[in-house]
Amino acid sequence: MYSNSFSRLAYLIKIEWGKKWKSLIGSALIYMMVIIVAIMNPAQKLSIAIDFFVIHFVIGLTLVFATQLFLLFPEWSAPFKTIQLLQLPAKPVEKYLAKLCFPFLFAPVVFTLIFLVFRPVFLQAALAVKGFMTYPLYQEDINALLQVALIVPLFVGVLFVPGALIFKKVHLLFSFLFCLLLFVLAGLTAQAFQLPAYLTASPSDQSIFGAMEAQLFSVVYFFQFKRIYATLLWCSGIIPIMLCSGYFLFKQREI
Amino acid sequence: MIQLQNLHFRYHPKRPLFEGLQVQIDKPGIVGLLGSNGAGKTTLLHLLAGLRFPWAGSCTVLGSEPRKRQLSWQQQVLFVPETIEMPPRSLQRWLSELAPFYPRFDQRLFEAIVKEFELEVSGKLSELSFGQQKKVMLAFALATQVKVLLLDEPSNGLDIFSKSQLRRIWTRHLPEDTLVVISTHQVRELGAQFDQVVVIDQGKLLFHQSTEVLNARFCIQRSTEEPGKDAVYYEPIPGGYLVLYIAEPGDPETEIDLELLMKAIVEKPEILVHLQNEKVYV
């Protein structure tokens, strides 16, 4: 019997692990195979980019994370599964946290561990081709990997959580389109109110579309140049809002 | 145990389903929830299970609002839908995942019910037939020994032998303090099990009465000749007519045919007046 929240949460995570470990570890292993194949070609040309591993880590983690995000609430696809989840005797917060653990905790941790375990295999694969020794992973690269492992789920992934509770199917696509809409609206608002832009439109393209494009990219540039503000904005506002609204939507979810 | 007061619910803003629904069920037992297609039986079960939320009015089950989905409440209320879709897992694994969440779950009772259903489960649950999956789910629901069990068309998908097994299992294994609300169209098969009957129609409570009172208030007879004006309702059957009369003092008590009564009420709503008070003639 699970009399307290911790034991119930642990048990819920155990049940979820039983359902999702194959997709989690499987998708990570598949991407390891992709890296091994991908390293062959540049190794043959004796030129591997210094950021090869970091780039593949970002892509791989994003894919594994997206897979787990896609499978966040597979129960919504069938009424019986929805009923089973909603009426399971556990607190909504416990069920919600048990679900969130997979994309936001297990996906980055498991993928990073598997990546680091496979690193010697990548090096061996590169070595096997023309005896080429690629760059090893330096401490800086490992730090970059760990940053990516935090940034992808927290700064991008949270935007997709409310959508996973609203939409029954293809919620990632709907959430992406919604984010794109916000992005366009931000650009249009900046253009309409002549807000300061960090990138001017091309002098040769003075059309409204050219100006809109410049304003849109100014949003991106804003985040690049003012990274600390963007981090603060995300940590103090966007992340809590997205996670709390996701919880509220889960609590109020009907079949 | 269940109290609905002035309940309003709608799927579409312009098409209300329930408008001011009032139902109160105080005693445990088996309650038949009846009504025509689209009357809102399944929706009402969803509202009672906290799977849908009322637009207005109050809905309380075991003294708590279902929409809050409180832990202690969820341990005492279970809804079994009409369509079952068991997961691709073994029975043991499925049980080990779900059963610990129900404090009164009785493993021996589950095994006894599975045995009475003559079920042999090997392999994955998803590979079982629909009827077998339903039996597993019903066995689980009964073994949880929850205080309120909400069943939507429980006998759908069961063969005739299983339906009689189900009736026997209810009689034998249902705890005395459990309230079972059964939404069904198959009143001839399950009607004899009901202690109370709740009929909803066009978003309102048509009547709520105990079967004891219904049996005393109405009388069913078979007749070879066409019934006279004293018959409330009749329908032709092979070899004659099945006739519903208002029981008079001294009439022998017969078991009510709920299907016939429902048809009678739809055709002659004025007979509802005979269900208004609790007085039993016999």
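Cut-offs used in this document
Note that residues are indexed from 1 along each chain, following the sequence as it is written. Each chain is given a letter, starting from A, and each ligand a number, starting from 1, according to the order in which they appear as written. In keeping with the model being predicted, local features are shown solely for residues with a pLDDT of at least 70 and side-chain atom pairs are shown and tallied solely at 80 or more, while totals for entire chains, interfaces and linings include all residues. Calculated side-chain values reflect all of the structure's heavy atoms, with hydrogen atoms and water omitted. To sort residues, take the accessible area from a 1.4 Å probe on protein chains only and compare it with the maximum for the residue type: under 20% means buried, over 50% means exposed, and anything in between is partly exposed. Counting from the N terminus, the helices are the DSSP runs of H or I reaching at least four residues and the strands are the DSSP runs of E reaching at least two. In this description, one arc is meant: the one made by directions from the helix axis to the C-beta atoms. The pairing criterion is simple: DSSP has to find at least two bridges between the two strands. To obtain each axis, a line is fitted to C-alpha atoms, and for helices this fit is confined to the stretch in contact; angles are then taken between N-to-C directions over 0 to 180 degrees. Two residues form a contact once any of their heavy atoms are found within 4.5 Å. By buried area we mean how much accessible surface two parts lose on assembly, using a 1.4 Å probe and totalling the loss over both. Side-chain atoms alone can form a polar contact between residues adjacent in sequence; in general such a contact is a pair of N or O atoms within 3.5 Å, and within protein one must be able to donate a hydrogen while the other accepts it. Two helices that cross are described as forming a left-handed crossing if the nearer one is turned anticlockwise from the farther one by less than a right angle, and a right-handed crossing if clockwise. Classification convention: Asp, Glu, Lys, Arg as charged; Ala, Val, Leu, Ile, Met, Phe, Trp, Tyr, Cys, Pro as nonpolar; all other residues, Gly among them, as polar. Under the convention used throughout, the expected extent of a helix is 1.5 Å for every residue step, that is, one less than its residue count. Here the bend at a residue is taken as the angle between two axes, fitted respectively to the seven residues that end there and the seven that start there. By the counting scheme adopted, Arg and Lys are positive, Glu and Asp are negative, and His together with the chain ends is not counted. When a carboxyl oxygen of Asp or Glu is within 4 Å of a side-chain nitrogen of Lys or Arg, the pair counts as a salt bridge.

### Details of helix H9 (residues 258-267) of chain B
All names here are of chain B.
Line of reasoning, step 1. Along H9, the residues that are buried comprise Leu 258, Leu 260, Leu 261, Ala 264 and Ile 265. Seen along its axis, H9 keeps its buried residues to an arc of 155 degrees; they face one direction. For H9, the exposed residues set more than 90 degrees away from the buried face come down to Val 266 and Glu 267.

### Some details on the sheet that holds strand E12 (residues 240-246) of chain B
Residues and elements named next belong to chain B.
Line of reasoning, step 1. Spatially, the three strands line up as an open sheet ordered E10-E12-E11, and their pairing is antiparallel. Each edge of the open sheet is held by one strand with a lone partner, namely strand E10 (218-223) and strand E11 (231-237). Going across the sheet, the axis of each strand differs from the next one's by a mean of 20 degrees, ignoring polarity.
Line of reasoning, step 2. As judged from the six bridges shared by E10 and E12, these two strands associate in the antiparallel manner. Residue pairing in the sheet places Arg 222 in a bridge with Leu 242 of E12.
Line of reasoning, step 3. Along the sheet, H9 makes contact with E10, E11 and E12, crossing E11 at roughly 120 degrees.

### Quick word on the pairing of strand E8 (residues 196-201) of chain B
Residue and element names in this part refer to chain B.
Line of reasoning, step 1. Most of E8 sits out of view: five of its six residues are buried.
Line of reasoning, step 2. One ladder, built from four bridges, connects strand E3 (residues 29-34) with E8; its direction is parallel. Pairing of Leu 34 across the sheet is with Val 199, part of E8.
Line of reasoning, step 3. Pairing of E8 with strand E9 (residues 204-210), which is carried by six bridges, proceeds in the antiparallel orientation. Note that in E9 the partner of Asp 201 across the bridge is Lys 204.
Line of reasoning, step 4. Two successive antiparallel strands, E8 and E9, enclose a turn made up of two residues, where Gln 202 displays a positive phi of approximately 50 degrees.

### Describing the interface of chain B and chain A
Line of reasoning, step 1. Each partner contributes residues to the interface: chain B has 27 residues there, and chain A has 27 residues.
Line of reasoning, step 2. A combined buried area of about 2,500 Å² lies between chain B and chain A, and 60% of that area is made up of carbon and sulfur atoms.
Line of reasoning, step 3. Applying the counting rule to chain B against chain A returns ten residue pairs in polar contact (both at pLDDT 80 or more).
Line of reasoning, step 4. At the level of secondary structure, the elements contributing two or more residues to the side of chain B that touches chain A comprise helix H2 (71-74), strand E5 (77-80) and helix H3 (91-98) of chain B.
Line of reasoning, step 5. Sorting elements by how many residues they give to the side of chain B that touches chain A places H3(B) first, with five residues.

### Focus on the packing of helix H2 (residues 52-70) of chain A against helix H4 (residues 92-128) of chain A
Residue and element names in this part refer to chain A.
Line of reasoning, step 1. Two elements in contact, H2 and H4, have axes whose closest approach is 9 Å; the angle formed by their N-to-C orientations is 145 degrees. In the crossing of H2 with H4, the sense of the turn from one axis to the other is right-handed. Along its contact with H2, which presents Phe 53, Phe 57, Gly 60, Leu 61, Val 64, Phe 65, Gln 68 and Leu 69, the element H4 presents Phe 102, Pro 103, Phe 104, Ala 107, Pro 108, Phe 111, Thr 112, Phe 115, Phe 122 and Leu 123.
Line of reasoning, step 2. Among the residues forming the contact of H2 with H4, the class breakdown is 15 nonpolar, three polar and no charged.

### Some details on helix H1 (residues 5-44) of chain A
Residues and elements named next belong to chain A.
Line of reasoning, step 1. Here H1 contains 40 residues, and its C-alpha end-to-end distance of 55 Å stays within 8% of the 58 Å for a straight helix at 1.5 Å per residue.
Line of reasoning, step 2. The largest bend in H1 comes to about 60 degrees, at Lys 20.
Line of reasoning, step 3. The N-cap residue of H1 is Asn 4: its side-chain oxygen and the backbone nitrogen of Phe 6 are 3.0 Å apart.

### Describing the side chain of A:Lys95
Line of reasoning, step 1. Residue position: A:Lys95 is located in helix H4.
Line of reasoning, step 2. No salt bridge is formed by the buried A:Lys95, whose closest oppositely charged neighbour, A:Glu94, lies at an N-O distance of 8.0 Å.
Line of reasoning, step 3. In terms of polar contacts, A:Lys95 uses its side chain to reach the backbone carbonyl oxygen of A:Leu86, at 3.1 Å.
Line of reasoning, step 4. For A:Lys95, the contacting residues outside a window of four places in its chain are A:Leu12, A:Leu85, A:Leu86, A:Gln87, A:Leu88, A:Ala90, A:Phe250 and B:Gln74.

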